[in-house]
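Geometric and topological summary
Residue strings, one per chain:
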Amino acid sequence: MKIGELAKATGLSTSRIRFYEAEGLIGIAPRGNNGYRVYSPETAGVLQIIDSAQRAGFSLDQIRQFLPAGQAKWDHEGLVESLTARVGEIRQLIRQLRQSEARLISIIDGVSQRPDGISCTDNMARLMKLLDAHPAPHASDSAHRVRAARKPKST
């Protein structure tokens, strides 16, 4: 199939397909007599895996690690390990987002439910005291925990 057909089948742009080819994520397509690239039907499946993995937050280097090279077989253990690690990262991000959501809702409630007779400035000072009493976890702490969880355990 030509690149336009492949783009239509996968929903990816032709430039993105060429980029993945240049990056070595898909094999270099041979050219037909007319000079057009001719892709195998299997290429569409590989492109969909790459696109799905990127949408799940994998970098191209991470994707490269679990894609089969040429006609080689899939590294099932590596793939499962990569996917499991990514699920852990996503769960950590969900926890962070829930904490951020709760904190923002608390701020909104504090601003909206200002005690009668208190100025906006005094209300803000009141809110700051409440927030100081319950500090949010730092994103760098969470990022450190995610990186530590990714490191392979030594035996």
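Residues numbered from 1 in each chain as written. Predicted model: local features only at pLDDT ≥ 70, side-chain atom pairs only at ≥ 80, totals over all residues. Heavy atoms only, no water.

**Observations regarding the nonpolar core**
Filter applied, for reference: Think of a nonpolar core as a cluster: buried Ala, Val, Leu, Ile, Met, Phe, Trp, Tyr and Cys residues, connected wherever their side-chain atoms sit within 4.5 Å. The buried label applies to any residue whose accessible area, calculated with a 1.4 Å probe on protein chains only, is under 20% of its type's maximum; exposed applies above 50%, and partly exposed to all values in between. Strands are runs of DSSP state E lasting at least two residues, helices are runs of H or I lasting at least four, and both sets are numbered from the N terminus onward. Throughout, a residue-residue contact means that at least one pair of heavy atoms, one from each residue, lies within 4.5 Å.
Among the nonpolar cores identified, the biggest contains 19 residues, and Ile17, Tyr20 and Ile63 are the most heavily contacted of them. Mapped by element, the contributors of at least two residues to this core are helix H1 (3-10), helix H2 (14-22), helix H3 (41-55) and helix H4 (60-66). Of the residues forming this core, the biggest block, four residues, is contributed by H3. What Tyr20 contacts, discounting residues up to four positions off in sequence, is Leu12, Leu25, Ile26, Leu47, Ile50, Gln54 and Leu60.

**Digging into the packing of aromatic side chains**
Applied cut-off: In summary, the pairing rule links any two rings of Phe, Tyr or Trp, Trp by its six-membered ring, whose centres are within 6.5 Å, and it sorts them by plane angle into stacked for under 30 degrees, edge-to-face for over 60 and tilted for everything else.
A complete count under the given rule lists one aromatic pair for this structure. Between Phe19 and Tyr20, the aromatic rings sit 5.9 Å apart at their centres with planes inclined by 55°, giving tilted as the arrangement. Since its relative accessible area comes to 39%, Phe19 is described here as partly exposed. A residue is classified by how much of its surface remains accessible, and Tyr20, at 1% relative accessible area, is buried.

**Examining the packing of H2 against H3**
Short version of the rule: Axes here mean lines fitted to C-alpha atoms, for a helix over just the part in contact, with angles spanning 0 to 180 degrees between N-to-C directions. Note on terminology: angles under 35 degrees are roughly parallel, angles over 145 are roughly antiparallel, angles of 65 to 115 are roughly perpendicular, and the others are oblique. Classification used: nonpolar for Ala, Val, Leu, Ile, Met, Phe, Trp, Tyr, Cys and Pro, charged for Asp, Glu, Lys and Arg, polar for all others including Gly.
Running from amino to carboxyl end, H2 crosses H3 at an angle of 95°, the nearest separation of the two axes being 12 Å. On the basis of the axis angle, H2 is roughly perpendicular to H3. Contacts between H2 and H3 involve Arg16, Ile17 and Tyr20 from the former and Leu47, Ile50, Asp51 and Gln54 from the latter. Partitioning the contact of H2 with H3 into residue classes produces four nonpolar, one polar and two charged.

**Focus: a nonpolar patch on the surface**
In plain terms, the rule: Nonpolar side chains (Val, Leu, Ile, Met, Phe, Trp, Tyr) within 5 Å and like charges within 9 Å form the patches, drawn only from residues with over 30% relative accessible area and no salt bridge. Surface accessibility in these figures is a Shrake-Rupley result with a 1.4 Å probe; residues are shielded only by whichever protein chains are displayed. Note on definitions: salt bridges are taken to be side-chain nitrogens of Lys or Arg within 4 Å of carboxyl oxygens of Asp or Glu.
A cluster of nonpolar side chains, namely Val111, Met124 and Met128, defines an oily patch on the protein surface of about 260 Å² accessible area. Looking at the secondary structure, you find Val111 in helix H5 (residues 76-112).

**Some thoughts on the side chain of Glu21**
Under the convention used in this document: Whenever two N or O atoms come within 3.5 Å, that pair is a polar contact, provided that in protein one can donate a hydrogen and the other can accept it, and provided that, for residues adjacent in sequence, both atoms are side-chain atoms.
Along the chain, Glu21 turns up in helix H2. Residue classification places Glu21 among the buried positions, given a relative accessible area of 8%. Within polar-contact distance, the side chain of Glu21 engages the backbone nitrogen of Ala29 at 2.9 Å. Among all residues touching Glu21, those that are not within four sequence positions of it are Ile26, Gly27, Ile28, Ala29, Arg37 and Tyr39.

**Some words on the pattern of salt bridges**
Inspection of every chain in the model, using the stated rule, returns six salt bridges. With a closest N to O distance of 2.9 Å, Arg55 and Asp51 form a salt bridge. Residue Arg55 and its partner Asp51 are located together in helix H3, separated by four residues, close to a single helical turn. A relative accessible area of 67% places Arg55 in the exposed class. Taking relative accessible area as the criterion, Asp51 reaches 10% and is therefore assigned buried. Across the salt bridge formed by Glu89 and Arg86, the nearest N and O atoms sit 2.7 Å from each other. One end of the pair is Glu89 and the other is Arg86, both in helix H5 and three residues apart, which spans about a single turn. With respect to burial, Glu89 and Arg86 carry one shared label: buried.

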